[in-house]
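Notes for the structure review
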Amino acid sequence: KQLVFSGVQPTGNLHLGNYLGALQKFVALQDTYECIYCVVDLHSLTATLVHDDLADQTRGIAAAYLASGLDPKKNIIFNQARVPQHAELAWIFNCVARIGWMNRMTQFKDKAGKDRENASLGLLAYPSLMASDILLYRATHVPVGEDQKQHLELTRDIAQKFNNDFSKRISALGYGVEMEVGEERVSGFFPLTEPLIEGPATRVMSLRDGTKKMSKSDPSDLSRINLSDDADAISRKIRKAKTDPNPLPGDVEGLAGRPEAENLVGIYAALAGVPRDQVISEYGGRQFSDFKPALADLAVEKLAPINAEMRRISADPAYVDGVLRDGGERAGARAEATMKQVHEIIGLLAD
Ligand code: ATP
Ligand code: MG
């Protein structure tokens with residue numbers, strides 16, 4: 001049975017990277033898969049413990065989900081803190097995963113910076129909580145940006161180690177599900193989840209630095225286009241976006257080694273829903289002073305309706321809370337069923 005799970009942290013303003021790398025895909029998947037979309041508030045404590053208004057940030061992400069077109073009836077939309085089993089399974093996965101696995105994660109190295117000894121233990125264990133989010137529902141597919149690929153690989157490693165270590169008990173209890181691992185067919189409790197990372201904008205870069213990904217937590221607001229930006233702000237940020245002095249290349253291969261040009265072309269392609277070579281066939285050889293206004297117009301056209309819808313939905317926090325409460329109940333029932341089986345598999349005396 002196929003099931004999609006994904007999440008976004010309430011760590012700040014949602015930006016174009018989140019939209020193109022995640023939200024837009026969430027919306028596309030809701031017609032073909034059963035989907036669970038979470039606002040992962042517990043994750044947001046890993047880098048910054050004290051938030052100005054975490055509840056409101058959480059509602060803001062949920063409002064963006066809804067404004068992008070996610071149907072709260074068709075999908076389960078909720079915030080992580082409502083379902084305590086996320087943290088419980090994460091603890092078990094902390095005991096499955098190895099410290100060496102966590103130390104190799106590039107997100108940890110980037111976010112911890114030089115003073116690694118002073119990073120929170122939660123930041124190191126982040127991928128373990130992420131594996132729990134996904135595997136609590138035994139999700140088979142996870143739409144994410146390119147930056148999360150390594151965490152998805154770790155999620156598979158955790159699932160595989162759990163399945164191996166407990167294989168006898170899983171089969172004795174009859175809880176195994178048949179799945180393919182490479183050439184082999186094996187039986188396991190947790191699926192080996194696949195990431196869904198496709199299209200021209202799986203890694204949208206900062207508008208100020210073509211080597212850094214666009215991030216909510218980047219201190220420079222000019223580095224990103226927020227979903228809450230108005231038309232003026234969007235145009236100004238694109239006009240100020242860093243570029244090299246050359247015109248756009250005549251073919252896609254010419255984008256190699258030009259990260260800023262590649263980024264803007266990728267953004268255009270993703271917003272227009274066309275491949276990058278189609279953008280190049282139209283704008284190849286033209287100056288950025290021609291291309292940037294066209295990109296700004298396109299971004300405004302695509303983002304303005306979402307922006308307006310976000311405002312409309314955010315004006316009714318009680319409605320958003322209702323969606324999250326209802327989603328939390330539906331997610332909680334599934335989480336409870338999984339954890340009951342996990343308790344039995346491990347041999348924890350819990351009922
Ligand atoms: P933070 O800086 O707090 O980590 P973030 O912008 O990385 O914030 P997350 O909540 O960590 O956002 O990630 C939410 C989703 O957005 C994930 O699927 C992630 O892969 C995707 N995503 C984040 N940044 C980008 C980006 N620049 N391009 C494409 N996808 C992205
Ligand atoms: Mg992130």
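Worth saying up front: this structure is predicted, and the values here are computed from it rather than measured.

Digging into the packing of helix α1 (residues 16-29) against helix α2 (residues 54-68)
- Interaxial distance between α1 and α2 falls to 9 Å at its minimum, and their mutual angle equals 50°. Here α2 runs oblique to α1, going by the angle between their axes. Here α1 runs over α2; the crossing is right-handed. Across from L23, Q24 and V27 in α1, the residues of α2 making contact are A64, Y65 and S68.
- Considered class by class, the residues forming the contact of α1 with α2 number four nonpolar, two polar and no charged.

Considering the nonpolar core
- Core analysis: the largest hydrophobic core is formed by 91 residues, its most contacted members being I36, A62, A64, Y65, I77 and I267.
- Counting only domains with at least three residues in this core, you end up with domain 1 (3-200 + 317-346) and domain 2 (229-313).
- The residues touching A64, leaving out its near neighbours within four places in the chain, are L14, L23, L227 and M310.

Structural notes on the pairing of strand β2 (residues 34-39)
- Within β2, five of the six residues are buried, leaving the element largely enclosed by the surrounding structure.
- Pairing of strand β1 (residues 3-8) with β2 involves six bridges; the strand directions are parallel. Opposite S6, over in β2, you have Y37 as the bridge partner.
- Between the parallel pair β1 and β2, the chain is carried across by α1, and the sense of this crossover is right-handed.
- Of the strand pairs in this sheet, β2 and strand β3 (residues 76-79) are connected by four bridges, and their pairing is parallel. Paired with V39 across the two strands is N79, which belongs to β3.
- At this point the chain moves from β2, through α2, to the parallel β3, and the crossover so formed is right-handed.

Re the domain arrangement of the protein
- Taken as a whole, the protein is organised into domain 1 (3-200 + 317-346) and domain 2 (229-313).
- Relative to domain 2, the C-alpha centre of domain 1 lies at a distance of 31 Å.
- Listed by partner, the interface residues are eleven residues for domain 1 and ten residues for domain 2.
- When residues of the side of domain 1 that touches domain 2 are traced back to their parent elements, those giving at least two are α1, α2 and α13 (317-346).
- Broken down by class, the residue content of the side of domain 1 that touches domain 2 amounts to nine nonpolar, two polar and no charged.

Section: unusual backbone geometry
- Residues other than glycine seldom take positive phi values, yet R138 does so here, at roughly 50°.
- Tracing the backbone through its elements, the reader meets R138 in the loop between α6 (121-135) and β4 (141-143).

About the criteria used
- Residues numbered from 1 in each chain as written.
- Chains lettered and ligands numbered in written order.
- Predicted model: local features only at pLDDT ≥ 70, side-chain atom pairs only at ≥ 80, totals over all residues.
- Axes fitted to C-alpha atoms, helices over the stretch in contact; angles between N-to-C directions.
- Helix = DSSP H or I, 4+ residues; strand = E, 2+ residues; numbered from the N terminus.
- Parallel < 35°, antiparallel > 145°, perpendicular 65-115°, else oblique.
- Left-handed = near helix turned anticlockwise from the far one by under 90°.
- Contact = placed C-beta atoms within 7 Å.
- Nonpolar A, V, L, I, M, F, W, Y, C, P; charged D, E, K, R; others polar.
- Core = buried A, V, L, I, M, F, W, Y, C linked by C-beta atoms within 7 Å.
- Buried ≥ 20, exposed ≤ 12 C-beta atoms within 10 Å, placed from the backbone.
- Domains from an automatic or database assignment.
- Pairing = 2+ DSSP bridges.
- Right-handed = clockwise from strand over helix to strand, strands pointing away.

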